[in-house]
Amino acid sequence: MKNLNQDEQLRLYEQILINMASGLYMVRIADGEIVYANPTFEKMFGYDHGELPGLHMSILIAPDHQTPEKIAHEILQTLLKKGNWHGEIKNQNKDGSHFWCHADISTFNHSIYGKVFIASHSDITERICTRIKLKESEERLKNFSDLTTEGILIHKNGVCIDINKAFEDVIGFKREELIGKNLIELLVPKEFHNTIYKNLQENNPDKYEILGKRKDGVLIPIEIGGRRELNYKGEKVFVSIARDVTEKRKYNLKVKKSEADLVAQIENTSDSIWSVDKNYKITITNSVFFRNFKIAFNHELRLGDRVLDYLPDDLKTIWKERYDRALAGEHFSVIDKFDMENIPQYVETAFNPVVVENKIEGAACFTKDITKQKQTEKALKISENKFKKLSEFSPASISIQRTNKYLYVNKAWEILTGYTKEEALKISPMQIIHPDCVDEIRQRSDSRLKGEDVIKRYDLKLLSKSKEIKWVDISFSLIDYEGQIASLGVCFDITELKKAKEALMVSEQNLKKANTAKNKFFSIIAHDLRSPFSTILGFSNILNTEYDNLNEEQRKSFIKELSSTSNRTFFLLENLLNWARAQQGGILINKESFNLKEFIDLATESHMNNANHKKIVVNNNVSNDIFIHADKYTILTVLRNLFNNAIKYTYPEGNIDFNAHKEKQKVSISITDSGIGIAEDMLDKLFILHENCTTPGTHNEPGTGLGLVLCKEFVELNGGTISVTSSKGKGSIFNIILPL
């Protein structure tokens, strides 16, 4: 071969570079300037011939996470240190589009440009796109598998490549603990190894169950789905589904138990149970139905038989119509009667549609013997009729009620309440209860519903149709009425008995009051009248026997004491007689209008000497225009007693004031004194006849307590009220309110 000179060698190299399939370009390392690019490279990047030399290499690099200049700088630095660089790089075409290349770069010293690198570029865009799509597909698969509740295992003949979150939850291991390990050896007891390897070899897609061992050592039942082939990261692998079927096994066990219980119940009941499909063929039945069918129609049925074919013609039509109603979606029951040895027998059959996935697939039937129930109902009906006949002649008022509604009332009840039977059936039992007793009855009812013990017999106040109050002695009990629980009420009219009791109580109270009055009467006679009479008799005897031996001053003193004692005694005697007449109802009230101020002057006149003797100032502050409408005699007695009391309990040189003012249709009269006042514990006893409820006056004037009692009775006879306000040591105010 001829040896080539240097020029020939250069031209040869140039031809080789021009015709290379790979893009080739050369860059000066010192400044990154492109000094050469072959046609393949220019075409790859979309530049015209000779356009690239002089440009910076960064224009060929697509911006990624860094700028093209930064990427170019890092490549140049690597070349200076190592002398070569190779890898995948994202490039930018002249038109701005991006594509991927694999670049192999090496450096050498050029005689003209100094240190340069020459790079060979191959377009790998299609391969990169395929890889990106594969990665995205893998990511989607990973995301999907982590969202599903089923455990997903990617493996190669049992060696773990990847698992999802649900699989981690099933076996208790984390993903990083299992990657690259043989899960059959790690997680499955040895007795199941052959089963798994056999299924892997046979590529069996069917599901099967094994025991799996969790990280904590607990064995759990796991259902494995048949494997499926998958291209995963460029490699053929398999995907299997793993489910923890512990709960499923428990559920299946419950279902089996439930089915066994259902079969036991069906077989152990005395009722006939069966179902038919749309063609009237027997699908489910118990032995009772087969036995009863044979007795009734002399034929042994079997599952799958068309039941209508073995019925007499007259029954065939009836039963077909019944089955058709159930197959049309109707729920109903019928009662059939037939005679067995001349004894009526009754059976009740319930029909219900059998619905599967919202579609009617058949009819379920249940027949039970209700002969005894019918016999009981008949006997109960006879008993109820007898009860009604007897109750109509009973003197007791009888009613039957349920849920606050009358079901039956007898004649005595009609007479008691005034309602007819027809009206009773339309009203509520609460309607005849007197309002005073409604709450009590409701409380009894609530207690009965709570199961608490409730008094079953008590007195109750009713309100008849004419609003007349009726008292009854009533008792309640629960009975079976027309097949349901009801309340039986039996009551007796005790209205007259109640009235007699009330009259007796009033009589007893009056008797007690009369006894108290009698005792007080005798006490006053024995003490309060006897004492002043003794004084009168004593002074009279002295004047009669010693008159000549007494000087004038002694005579005047005895006569003054006789006069004072006689006036007090007469006042007491007058009160005593008035009170006695009041107790016997002998006081007649004769109301008339009169001037109050003038009447007060009249009332105080008889006791004014006593007031003057104690130098008490008496003020009648009542206006002249006030007139009252009352009985003069009783009001005069009231005012005299109150004035006498005020004098008795007022200190010498004290004050007594009479005041009055109008209040609507009434007049308020007050008598105010500056006396000793009344203790708080005595205020409630002032107007009650009571022994020892007296206090001596400021000059030891005696008292009986009768005057205020008489005042209260006389004020009330005039339609008024009397009250007192007082405190110890601060005087008293007696207030009378009378109608004008």
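Everything discussed here concerns the structure shown above.
The paragraphs below set out a description of the structure included in this document. Throughout, residues of each chain are indexed from 1 in the direction in which the sequence is written. Confidence filtering applies because this is a predicted model: local features only for residues at pLDDT of at least 70, side-chain atom pairs given and counted only at 80 or more, and all residues used for totals across whole chains, interfaces and linings. To get the side-chain values, all heavy atoms of the structure are used, and hydrogens and water are removed first.

**Some points on the environment of Glu-229**
Alright, step 1. Per the convention used, a helix needs a DSSP run of H or I reaching at least four residues, while a strand needs a run of E reaching at least two, with both numbered from the N terminus. Structurally, the position occupied by Glu-229 is in strand E10 (residues 228-232).
Alright, step 2. The sequence separation of Glu-229 and His-155 amounts to 74 residues, and the corresponding C-alpha distance is 9.9 Å.
Alright, step 3. Should any heavy atoms of two residues lie within 4.5 Å, those residues are counted as being in contact. If near-sequence neighbours (up to four positions away) are discounted, Glu-229 is found in contact with Lys-236, Val-237 and Phe-238.

**Overview of the pattern of salt bridges**
Alright, step 1. Any carboxyl oxygen of Asp or Glu within 4 Å of a side-chain nitrogen of Lys or Arg constitutes a salt bridge here. Applying the stated criterion across every chain, the model contains 26 salt bridges.
Alright, step 2. Notably, a salt bridge pairs Asp-162 with Arg-175, separated by 2.4 Å at the nearest N-O pair. Note that Asp-162 is positioned in strand E7 (residues 159-163) and Arg-175 in helix H6 (residues 175-178), a separation of 13 residues in sequence.
Alright, step 3. For every residue, the accessible area obtained with a 1.4 Å probe (protein chains only) is divided by the maximum for its type, and the residue is called buried under 20%, exposed over 50%, and partly exposed between those limits. A relative accessible area of 4% places Asp-162 in the buried class.
Alright, step 4. One connected set of salt bridges, linked through shared partners, spans Arg-28, Asp-31 and Glu-33.

**With respect to empty space enclosed by the protein**
Alright, step 1. With a 1 Å grid laid over protein atoms only, a set of points is called a cavity when a 1.4 Å probe fits there but cannot get out and a pocket when it is open yet has protein on both sides within 12 Å along at least five of seven lines; lining residues have an atom within 4 Å of a point. Grid points are joined across faces, edges and corners, and a volume is the space filled by probe spheres set on the points. Counted according to the given criterion, the structure contains three cavities of 30 Å³ or more.
Alright, step 2. Computed from the structure, the second largest cavity encloses a volume of approximately 70 Å³.
Alright, step 3. As for the second largest cavity, its lining consists of 14 residues, and the residues nearest its centre are Tyr-25, Met-57, Ile-75, Ile-89 and His-121.

**Quick word on the side chain of Ser-670**
Alright, step 1. Tracing the chain through its elements places Ser-670 in strand E26 (residues 666-673).
Alright, step 2. With sequence-adjacent residues up to four places away left out, Ser-670 is seen in contact with Asp-657, Phe-658, Asn-659, Ile-733, Phe-734 and Asn-735.

**Things to note about the packing of helix H20 (residues 632-648) against helix H21 (residues 706-717)**
Helix-helix packing is described using two parameters, namely the angle between the two axes and the distance between the axes.
Alright, step 1. Here an angle of 0 to 180 degrees is reported between the N-to-C directions of two axes, which are lines fitted to C-alpha atoms, with helices fitted over the stretch in contact. One can describe the packing of H20 onto H21 by two numbers: an axis separation of 9 Å at closest approach and a directional angle of 150°. At the point where H20 passes H21, the crossing takes the left-handed sense. In contact with Thr-634, Thr-637, Val-638, Asn-641, Leu-642 and Asn-645 of H20, H21 contributes Gly-707, Leu-708, Leu-710, Cys-711, Phe-714 and Val-715.
Alright, step 2. Residues of the contact of H20 with H21, tallied by class, amount to seven nonpolar, five polar and no charged. Crossing handedness: left-handed means the near helix sits turned counterclockwise from the far one by under a right angle, and right-handed means the same turn made clockwise. Any residue outside Ala, Val, Leu, Ile, Met, Phe, Trp, Tyr, Cys, Pro, Asp, Glu, Lys and Arg is labelled polar, Gly included; the first ten of those are nonpolar and the last four are charged.

**Observations regarding the nonpolar core**
Buried together is how nonpolar side chains tend to be arranged in soluble globular proteins.
Alright, step 1. By convention a nonpolar core is built from buried Ala, Val, Leu, Ile, Met, Phe, Trp, Tyr and Cys residues, the set being connected through side-chain atoms within 4.5 Å. In this structure, Leu-596, Leu-642, Ile-656, Val-667, Ile-669, Ile-736 and Leu-738 are the most contacted members of the largest nonpolar core, which totals 38 residues.
Alright, step 2. The set of elements that each furnish at least two residues to this core consists of helix H18 (596-605), strand E24 (627-631), H20, strand E25 (655-663), E26, H21, strand E27 (721-726) and strand E28 (732-739).
Alright, step 3. Ranked by residues supplied to this core, first place goes to H20 with eight residues.
Alright, step 4. When sequence neighbours within four positions are dropped, the list of residues in contact with Leu-738 reads Ile-628, Ile-635, Lys-666, Val-667, Ile-669, Val-715, Asn-718 and Gly-720.
Alright, step 5. In this structure, Tyr-25, Leu-60, Leu-76 and Phe-117 belong to the second largest nonpolar core, which totals 25 residues.

**Points about the sheet that holds strand E23 (residues 617-620)**
Alright, step 1. In space, the five strands of this open sheet follow the order E23-E25-E26-E28-E27, with mixed pairing throughout. This sheet does not close on itself; its edge strands, each paired only once, are E23 and E27. Going from strand to strand, the sheet's axes swing by 15° on average, the running direction of each strand aside.
Alright, step 2. The pairing criterion is simple: DSSP has to find at least two bridges between the two strands. As judged from the eight bridges shared by E26 and E28, these two strands associate in the antiparallel manner. Within E28, the position partnered with Thr-672 by the bridge is Ile-733.

**Examining helix H11 (residues 313-327)**
Alright, step 1. Taking 1.5 Å per residue as the helical rise, H11 with its 15 residues ought to reach 21 Å, and the 21 Å between its terminal C-alpha atoms agrees with that figure.
Alright, step 2. Along H11, the residues that are buried comprise Trp-319, Arg-322, Tyr-323, Ala-326 and Leu-327. Taken around the axis of H11, the buried residues stretch over an arc of 135°, which confines them to a single face. For H11, the exposed residues lying more than 90 degrees away from the buried face are Asp-313, Asp-314, Thr-317 and Glu-321.
Alright, step 3. Tucked inside the fold, the buried residues of H11 contact strand E12 (272-277), strand E14 (332-340), strand E15 (343-356) and strand E16 (359-369).
Alright, step 4. Immediately downstream of H11, the backbone of Gly-329 shows phi near 105°, a positive value. How far a helix is expected to stretch is found by multiplying one less than its residue total by 1.5 Å. Here the arc refers to the directions that run from the helix axis out to each C-beta atom.

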